[in-house]
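Listed here are the chains, written in short residue letters.
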Amino acid sequence: MKNSVLKGILGAVAVAGVAVIAKKVIERKRFVRGIFNEYGIKEKSPFRLADKIREMDEEQYQELKGKFKKEFASRCCRKDNTCEA
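Calculation rules
Residues numbered from 1 in each chain as written. Predicted model: local features only at pLDDT ≥ 70, side-chain atom pairs only at ≥ 80, totals over all residues. Heavy atoms only, no water. Phe/Tyr/Trp six-rings, centres within 6.5 Å; stacked < 30°, edge-to-face > 60°. Helix = DSSP H or I, 4+ residues; strand = E, 2+ residues; numbered from the N terminus. Patch = residues over 30% accessible without salt bridge, like charges linked within 9 Å, V, L, I, M, F, W, Y side chains within 5 Å. Areas by Shrake-Rupley, 256 points an atom, 1.4 Å probe, with all protein chains shown as cover. Salt bridge = Lys/Arg side-chain N within 4 Å of Asp/Glu carboxyl O. Lys, Arg positive; Asp, Glu negative; His and termini not counted. Charge placed at Lys NZ, Arg CZ, Asp CG, Glu CD.

1. What about the packing of aromatic side chains?
Evaluated as defined, the whole model comprises three aromatic pairs. When the ring of Phe 31 is compared with that of Phe 68, the centres are 5.4 Å apart and the planes differ by 85°; the resulting orientation is edge-to-face. Taken as a pair, Phe 31 in helix H1 (residues 2-38) and Phe 68 in helix H3 (residues 58-72) lie far apart in primary sequence, 37 residues in all. Both rings, one in Phe 31 and one in Phe 72, keep their centres 5.7 Å apart while their planes meet at 80°; by these two values the pair is edge-to-face. Taken together, the positions of Phe 31 in helix H1 and Phe 72 in helix H3 put the pair 41 residues apart, joining distant regions of the chain.

See below:
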């Protein structure tokens, strides 16, 4: 009895973990798709994004860089960008 209950609990935790990871992947994909749409990039590839970045002026580049930093920032780091060890 104990073993089957434990397996059931671990299975439920595993399913919840996969759901959380899938949700995060979908959110990040939506963010990147929004960047492509915002800057008018029709070909959805990293190479086309790199070409668009080369065409940007410094202000646009810093804005885009800030968006990516905000979206993909590690949760282990503090606001002053130093990691806690």
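2. Details of a positive patch on the surface
Among the surface-exposed residues, Lys 29, Arg 30, Arg 33 and Lys 44 lie close enough to one another that they form a single positively charged patch. Its place among the elements puts Lys 44 in the loop between H1 and helix H2 (46-55).

3. As for the pattern of salt bridges
Under the counting rule described, the total for this entry stands at three salt bridges. Among the salt bridges present, the one from Asp 51 reaches Arg 54, with a minimum N-O distance of 2.7 Å. With Asp 51 and Arg 54 both in helix H2 and three residues apart, this pair spans about one turn of that helix. One salt-bridge network, in which partners are shared between bridges, spans Glu 38, Glu 63 and Lys 67.

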